[in-house]
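Observations on chain architecture
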Amino acid sequence: MEWTREKRYRPYEQHSALELLELQAQANNSAYQLRYHIRPTSGLLNDPNGFSYFNGEWNVFYQSFPFGATHGLKSWMRTVSKDLVYWENRGLAIAPDTKFESHGAYSGSAHVVGDQLFLMYTGNHRTSDWTRVPYQVGAWLTQNGEVKKLSHPLIEQPTFASEHFRDPQLFEVDGKFYAVIGMQSQNDKRGEMVLYQANQVTGPWRFVGPIKTGIKDFGYMVECPNLVMVDGVPTLIFCPQGLSKDEFAYQNIYPNLVLQGESFDLATATLRRPGKLQNLDAGFDVYASQTFNAPDGLAYLISWVGLPDLTYPTDRENWANCLSQVKVLHQKDGQLYQNPVPAMKSLRGRSQVIDGQVTMVDDQAGQQIEFEVTIEPNQKGTLWLAADQILKRGLQVKFDTQNGKLILDRSKTDEPTAVEYGHTREIDLPANQAVKLRIFLDHSLAEIFVNDGAQVMTGRYFTRQSDQTVAFDRPTQVHGSLWQLNKM
C-alpha cells in the first residue's frame, strides 16, 4: 500500500472493524511474530509510554498505528502485568480525538497521583498548512480504566523551541513535580533536554532551564529523555539524533545513550560531575527506552525494539516492531548493569545441561529459548543461534575470550535488515577471561546479556522458523543450561 499523508492520517472511525480484524489475524499468524514480548496486535508499534506501577499492576502503554506498518495517526495502547513478564492487552487507552492531538497522541510518561494515574504526553497538532504545533497535554486514568483528558494543555510550545518539542518524562521529588522534555532549539536547530517544574501536576508548569551536562552538542534533536536514580546515581537515558560520531562512536541510525553523574541539582537543572557517554545497548535495534523508579525503589527499563526511518521484513505483513523485555537496572563500580526481571525464569520449560567440550547444543532447540552459557578463557569461535543443521544459515555470536571481543553478526540470516548500517555489532570484553552470556530468543528477536548484564546486545533477526539449531562451530569448553520457553 502506498501510504499517502491522507491515508496515514485518516480518522480511526473511517477504518472498518473488518479491516482491523484482518490485519490482526495477519499479524498474529506471522512466522516472525513474538510470543513473550509486548508486540502490536496489528500495524506499527513504537515508543513505550507511561511505564508505571498503578492499582496493583505494572502498566506499559505504547505508540500505535494499528492500520499498517507505517508512522500514521498515533494512539496509545495499554498493557498490564502482575509480574513484568505476562502482559495482558487492555486495548486503546488514548485516541487522537482532541484539537491538541489531532494528528497523533505522541510519547509521554505516567505517575501515580493520589488514587489515579496521571498521563503526560505530547499532542501533535497540524494546522491547515501542515505546520506542526506540539502541546504537552495531560489525562487521568482512573482505577476502573477510564481516561479523562484535561481540557487545556499543560505546556505550550515555547518561543525558544522549534516544532520538535516532545516526549515529557514526569516524576516527583519531595512533593514537587518535574518533567524532562526533548527538543530542538528554534535559532540554531540543535538538540537539547529541558526541565520544567510544577507544584501541582495539572500546572501551572514553569521552565527551569536546559539540562546542563557538560556536553556541548547533542546533534539536531533529542528524543525520549529520562532522568532516573539507579542505586542512588542520577542517570540520563536519551536518544540524540544527528550526534557527531566524534562525540560518541555509534553504528545505528540513531543511538540510545546513557550519561551518569554524581548528583543532579533540580533547582538549576545541572548534572554534576558527569561521566562519559555510554551506549545503552550495543546491538542493532534498541531506541526510545523508558525507565522509572518503582515503589520498590528499583529502576526498571523497557525499550522500543525498532528504529526510526528503517523498514523490516514484517512490514509486508502490515505489522512492525515490538518492545524489549523489562530490565532491572543496577550500579556497580561505575558501570550500569541491566538484567532480566526474576519472573522471566517462570517461562522456563524443558531444560538440558551443557558442560565440557561442546559442539552441538541442540538441533531442535526451537526459536523460543533461553540459553545461559559460560565460555571459558582462551577460546575463539562462533555460537550459532536459530541456525540450520549444517551451520550455513542463522544468527552468529562470534567470541574471542583470549583477546576480549564479542561480535553479533546477522549477515547469514535469511533476510538481513538495515544493511546500510552494517551486519555486525562488536563489544570489548576483559581479555583472557571467561565470558558469561544469557541469551533469549523469541522467533525474530535476540536479547543477549553479557557478563551479568554489564553489556546488552539486542537485535531483530529473520530466519526460517524450521532452523532451530544451537551449536558451536568447533569444540568449545563451556558450561551452562538451555531452556525451551513456554508458549504464550
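The structure reproduced in this document is the subject of the present report. (Residues numbered from 1 in each chain as written. Predicted model: local features only at pLDDT ≥ 70, side-chain atom pairs only at ≥ 80, totals over all residues. Heavy atoms only, no water.)

Focus: the sheet that holds strand E16 (residues 257-260)
Within the open sheet, the 4 strands sit side by side as E14-E15-E16-E19. Their pairing is antiparallel. The open sheet has two edge strands, strand E14 (221-230) and strand E19 (278-279), and neither has a second partner. One ladder, built from 2 bridges, connects E16 with E19; its direction is antiparallel. Counterpart to Val 258 in the pairing with E19 is Gln 278. (Pairing = 2+ DSSP bridges. Helix = DSSP H or I, 4+ residues; strand = E, 2+ residues; numbered from the N terminus.)

Quick word on the packing of aromatic side chains
Tallied over the entire structure, the rule returns 22 aromatic pairs. Their ring planes at 70° and their centres at 6.3 Å tell us that Trp 58 and Phe 292 sit as a pair that is edge-to-face. In this pair, Trp 58 is assigned in strand E2 (residues 57-65) and Phe 292 in strand E20 (residues 286-293), connecting sequence segments 234 residues apart. You can call Trp 58 buried: its relative accessible area is 10%. Among the aromatic residues, those joined into a cluster by ring pairs are Phe 51, Tyr 53, Trp 58, Phe 292 and Tyr 300. Of note, Arg 348 hangs over the ring of Trp 483, and the distance from its end group to the ring centre comes to 3.6 Å. Lying over the aromatic face of Phe 284, Arg 410 brings its terminal NZ or CZ to 3.8 Å of the ring centre. (Phe/Tyr/Trp six-rings, centres within 6.5 Å; stacked < 30°, edge-to-face > 60°. Buried < 20%, exposed > 50% of the residue type's maximum accessible area, 1.4 Å probe, protein only. Lys NZ or Arg CZ within 6 Å of the ring centre and 35° of its normal.)

Quick look at the sheet that holds strand E1 (residues 43-54)
The pairing of strands in a sheet happens through backbone hydrogen bonds and is either parallel or antiparallel. On the basis of which strands lie adjacent, the open sheet formed by 5 strands has the order E4-E3-E2-E1-E22 and mixed pairing. Looking at strand neighbours, the two that pair on one side only are strand E4 (87-94) and strand E22 (319-320), the edges of this open sheet.

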